[in-house]
Amino acid sequence: DALPIYKPGETVKFRIITINKNFIASNETYPLVELLDPGRNRVGQWLNVRPNQGIVDLSFLLANEPPLGTYSIKIPGRYHQYTFVVQEYVLPKIEIVFKTPDYVLKQAEEFNFKTCGRYTYGKPVQGVVDSSLCLKTKNSILIQDVGICELYSGETDRKST
């Protein structure tokens with residue numbers, strides 16, 4: 001499973017849910033809840049945390065230039081811990097695929113083509129596509145740019161196929 005990702009300057013929000021062995025909400029007080037940075041330094045702490053109907057909501061504002069890496073939220077003496085990652089924002093990579101016929105006859109008045117975009121992890125890119133299609137001719141010796149281009153614009157669909 002992928003860990004949640006936060007950027008510097010964002011607020012980390014988390015919830016502790018406490019139930020007993022019979023799955024009934026417990027308001028047991030936690031003497032300490034701590035937040036550890038990637039170097040295992042305590043950068044946040046909450047003392048005497050008491051849930052309300054078994055739930056407590058906490059948050060922590062990350063610095064604008066925090067250590068990057070995996071952080072841990074721990075309750076000392078308890079087995080469970082929650083981890084998340086702090087990293088700089090990186091634009092997701094996308095793949096653009098143009099689907100055109102292998103050739104178009106000179107006398108053809110129209111033909112179909114598609115411009116497909118998807119993130120490298122498979123999800124379709126949503127947005128507007130602006131593209132241009134230019135005519136080139138080919139004879140047995142060389143390919144020449146005729147200088148005729150058409151601009152096309154449209155919204156992407158949800159399938160990206």
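Every value quoted in this text rests on a predicted model; they were computed, and no experiment measured them.

Novice: Break down the sheet that holds strand 1 (residues 5-6) for me, citing the residues and quoting the values.
Specialist: Ordered by their spatial adjacency, five strands build an open sheet running 1-7-6-3-4, and the pairing between neighbours is mixed. Every interior strand has two partners, whereas the edge strands, strand 1 and strand 4 (42-49), have only one. By the bridge criterion, six bridges tie strand 3 (residues 30-36) to strand 4 in an arrangement that is antiparallel. When the bridges of strand 4 are listed, V33 appears paired with W46.

Novice: Describe the pattern of salt bridges, with residues and values.
Specialist: Across all of its chains, the model carries five salt bridges by this definition. Ionic pairing is found between K7 and E10, a salt bridge with its closest N-O pair at 3.7 Å. Under the relative-accessibility criterion, K7 is labelled partly exposed at 34%.

Novice: Would you mind going over a nonpolar patch on the surface in detail, with residue names and values included?
Specialist: The grouping of I17, I19, F23 and I55 at the surface amounts to a nonpolar patch, some 440 Å² of accessible area in total. By relative accessible area, which is 45% here, I19 ends up partly exposed.

Novice: Go over the packing of aromatic side chains with me, naming the residues and quoting the values.
Specialist: Scanning the entire structure with this criterion turns up five aromatic pairs. Look at Y6 and F84: their rings are 5.2 Å apart centre to centre, the planes differ by 75°, and that puts the pair in the edge-to-face class. With Y6 in strand 1 and F84 in strand 7 (residues 81-86), this residue pair connects regions lying 78 residues apart in the sequence. With respect to burial, Y6 and F84 carry one shared label: buried. Pairing W46 with F60 gives two aromatic rings, centres 6.5 Å apart and planes at 75°, and the pair type is edge-to-face. Note that W46 is positioned in strand 4 and F60 in strand 5 (residues 55-61), a separation of 14 residues in sequence. Joined through ring pairs, the aromatic side chains of Y6, Y71, Y82 and F84 make up one cluster. If you follow K7 out to its NZ or CZ, it ends over the ring of Y89, 5.1 Å from the centre.

Rules behind the numbers
- Residues numbered from 1 in each chain as written.
- Predicted model: local features only at pLDDT ≥ 70, side-chain atom pairs only at ≥ 80, totals over all residues.
- Heavy atoms only, no water.
- Pairing = 2+ DSSP bridges.
- Helix = DSSP H or I, 4+ residues; strand = E, 2+ residues; numbered from the N terminus.
- Salt bridge = Lys/Arg side-chain N within 4 Å of Asp/Glu carboxyl O.
- Buried < 20%, exposed > 50% of the residue type's maximum accessible area, 1.4 Å probe, protein only.
- Patch = residues over 30% accessible without salt bridge, like charges linked within 9 Å, V, L, I, M, F, W, Y side chains within 5 Å.
- Areas by Shrake-Rupley, 256 points an atom, 1.4 Å probe, with all protein chains shown as cover.
- Phe/Tyr/Trp six-rings, centres within 6.5 Å; stacked < 30°, edge-to-face > 60°.
- Lys NZ or Arg CZ within 6 Å of the ring centre and 35° of its normal.

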